[in-house]
Amino acid sequence: MSTTTTAADHVRELYESRPYPSPERDLDVYRDLQRTVDGSPRFFFHMYWPTAAYREDLEVLVAGCGTSQAAKLAIQQPGARVTAIDVSTSSLQCTETLRERYALENLELHELPLERVGELDRTFDLVVSTGVLHHLPDPAAGLSALRGVLDRDGAMFLMVYGRHGRAGIRMLQEYGRRLGIRCDDADLSGLLAVAAELPDDHPARVFTARGNDLSNPTGLADALLHPQECDYDVPELFEWLGSAGLDHARWFHQAPYLPFCGWPSTTPHAARIATLPAPEQYAALELLRGTMITHAFVATRDDRVAPRAIDLDAEGWESVVPVFFNGCRVDQEGLPPEIAGVLRNTAHLEPDLLVPLTVEQAMLYNAMDGTRTIAEIIAASGVDADPVALAQFAREFFRQLAWSDQVMLRRGM
Ligand SMILES: C[S@@+](CC[C@H](N)C(=O)[O-])C[C@H]1O[C@@H](n2cnc3c(N)ncnc32)[C@H](O)[C@@H]1O
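Calculation criteria
- Residues numbered from 1 in each chain as written.
- Predicted model: local features only at pLDDT ≥ 70, side-chain atom pairs only at ≥ 80, totals over all residues.
- Heavy atoms only, no water.
- Pairing = 2+ DSSP bridges.
- Helix = DSSP H or I, 4+ residues; strand = E, 2+ residues; numbered from the N terminus.
- Axes fitted to C-alpha atoms, helices over the stretch in contact; angles between N-to-C directions.
- Contact = heavy atoms within 4.5 Å.
- Near = heavy atom within 4 Å.
- Polar contact = N/O pair within 3.5 Å; in protein donor to acceptor, adjacent residues only side chain to side chain.
- Areas by Shrake-Rupley, 256 points an atom, 1.4 Å probe, with all protein chains shown as cover.
- Nonpolar A, V, L, I, M, F, W, Y, C, P; charged D, E, K, R; others polar.
- Salt bridge = Lys/Arg side-chain N within 4 Å of Asp/Glu carboxyl O.
- Buried < 20%, exposed > 50% of the residue type's maximum accessible area, 1.4 Å probe, protein only.
- Core = buried A, V, L, I, M, F, W, Y, C linked by side-chain atoms within 4.5 Å.
- Domains from an automatic or database assignment.
- Patch = residues over 30% accessible without salt bridge, like charges linked within 9 Å, V, L, I, M, F, W, Y side chains within 5 Å.
- Left-handed = near helix turned anticlockwise from the far one by under 90°.
- Right-handed = clockwise from strand over helix to strand, strands pointing away.

Peer 1: Could you give me a rundown of the sheet that holds strand β9 (residues 328-331), with the residues and numbers involved?
Peer 2: The 3 strands lie next to each other as β9-β10-β11, forming an open sheet whose pairing is antiparallel. A strand with exactly one partner marks an edge of an open sheet, and here the two such strands are β9 and β11 (354-357). Taken over all neighbouring pairs, the strand axes of this sheet differ in orientation by 25 degrees on average, direction set aside. As defined by bridge partners, β9 adjoins strand β10 (residues 341-345) across 4 bridges and the pair is classed as antiparallel. Of the residues in β10, the one forming a bridge with R329 is R344. Its contacts with the sheet put helix α14 (residues 359-367) on β9, β10 and β11, and the angle it makes with β11 is roughly 105 degrees.

Peer 1: With reference to specific residues and values, describe the site of the ligand.
Peer 2: G64, Q69, D86, L114 and T130 are the nearest of the 21 residues found near the ligand. A distance of 2.9 Å is found between a nitrogen atom of the ligand and a side-chain nitrogen or oxygen belonging to E115. The side chain of T130 places a nitrogen or oxygen atom 2.8 Å from an oxygen atom of the ligand. Protein burial of the ligand: of its 600 Å² of free accessible surface, 92% is covered by the chains. Partitioning the shell around the ligand into residue classes produces 11 nonpolar, 7 polar and 3 charged.

Peer 1: For the pattern of salt bridges, give the residues involved together with the corresponding values.
Peer 2: The tally for this structure, following the rule as stated, stands at 32 salt bridges. One salt bridge connects E108 with R81, and the closest N-O pair in it is separated by 3.6 Å. Placement of the pair is E108 in strand β3 (residues 107-111) and R81 in strand β2 (residues 81-86), with a sequence separation of 27 residues. Residue classification places E108 among the partly exposed positions, given a relative accessible area of 26%. The class for R81 is partly exposed, based on a relative accessible area of 36%. Its salt-bridge partner being D313, residue R399 comes within 2.9 Å of it at the nearest N-O pair.

Peer 1: Now, about the nonpolar core: what can you tell me, with residues and values included?
Peer 2: Membership of the largest hydrophobic core comes to 39 residues, with the highest contact counts inside it found for F44, Y48, V60 and L107. For this core, the domains that each give at least three residues are domain 1 (3-163 + 231-301) and domain 3 (317-410). Ignoring sequence-local partners within four residues, the contact set of V60 consists of A80, R81, V82, T83, F124, L126 and V128.

Peer 1: So what about a nonpolar patch on the surface? Which residues, and what values?
Peer 2: Residues Y175, L179 and V194 make up a contiguous nonpolar surface patch of roughly 250 Å² in combined accessible area. Following the sequence through the fold, V194 ends up in helix α8 (residues 185-196).

Peer 1: Before we move on, could you go through the packing of α14 against helix α15 (residues 374-381) and cite the residues and values that matter?
Peer 2: Following both chains from N to C, one finds α14 and α15 inclined at 115 degrees, their axes separated by 8 Å at the closest point. Every pair of crossing elements has a handedness; the one defined by α14 and α15 is right-handed. Taken together, the residues of α15 that come into contact with α14 (itself represented by M363, L364 and A367) are I377, I378, A380 and S381. Along the lines of polarity and charge, the residues of the contact of α14 with α15 split into 6 nonpolar, 1 polar and no charged.

Peer 1: Summarise the pairing of strand β4 (residues 124-130); cite the residues concerned and give the values.
Peer 2: By the criterion of burial, β4 is predominantly enclosed, with 6 of the 7 residues buried. Here strand β1 (residues 59-63) runs beside β4; their pairing, made up of 3 bridges, is parallel. Note on β4: the bridge partner recorded for L61 is V127. Summarising the sheet, β4 and strand β5 (residues 150-161) pair through 6 bridges and their orientation is parallel. Bridge assignment links F124 to a residue of β5, and that residue is L150. With respect to chirality, the unit in which β4 leads through helix α6 (residues 139-148) into the neighbouring parallel β5 is right-handed.

Scope: geometric values only; no functional claims are made or implied.
Set out below in structure tokens:
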């Protein structure tokens, strides 16, 4: 048996004995659209197709679906056909239980390694693969296989481990290896107790602030005792995508990667970073923030014809429609009089990514309804100003909202 086969077997064994994430029984909040899953096309369609009319009937592949992700996507979008693959029989069984419980006719399951996804002999509008590719013995082969089943104008929603934000996790992994910690109940419970006592300034604490994986046995095994994983800094990520014939279209949450948002925007380096090419900006921000434990992003084929993004500097920008980004809210309590509100994306893990609003910006924001163009928003806002100056003011405001993950931009419908 080759080394590659052994590593893949160990990965499958881990997820066979400890399906990830911990199984869920109740998907009502997903069905009722009170909660979403990252990348769900029901909520983020225009992130993938900014110039297309919303449509339900997507072909969606969830590669490495785990226990519930595919069922959540299927329940949120009954008009889509969701195909889920995984190598773990027990994870697929958890998904099957949800499929039966909620009568998800639009969900089909296959026990299949994603490296062999071509055997389905189908192509997909959207390929979702989160937390999977970095566990493959050959992530490049896995990514190429996914690229091979993506429609030319389709999109991928991917999440892989980040390099620098995981420094503390690598320390705990090394600690576990030195002590011979095993993936059994006794060792996991001891490790859980130790993880709970980590001092606040331990580098792994960034991980506990961003999820609960260090506080339950399933998450702990996945994070600290995994038999096979790699991670990516931004330049490696771009290189990896390019080699597979893919382009990086955008980050799922892009504000943390931009010098125009949050605390980096107030530093003497903001303007300097902004002169760099976009991938260099992202690389700089990854180093500056230091806390990106994962990279979640949209990738598209490098021969895609459909536009991947909206350019607010292109002609006709007044006809762009800002659409609310799921998870955003306006805080209005306890603010100084010159601040009319503070926008916050509740999914942001960085507390500095707030957008304070002037009175005029709040008027523009309040005139948004998800269907109005920027020109219509200006007209409905009631802001009294020189029309040319107001148009420029509005353009910069919506650019900032898009950078800050407060809106997605769409056009052409
Ligand atoms: C960390 S879990 C992520 C589950 C799910 N994507 C989510 O985000 O909730 C990784 C999943 O990938 C699956 N997996 C690992 N290697 C795989 C492969 N080669 N092909 C398909 N699935 C794989 C595992 O069985 C496991 O269910």
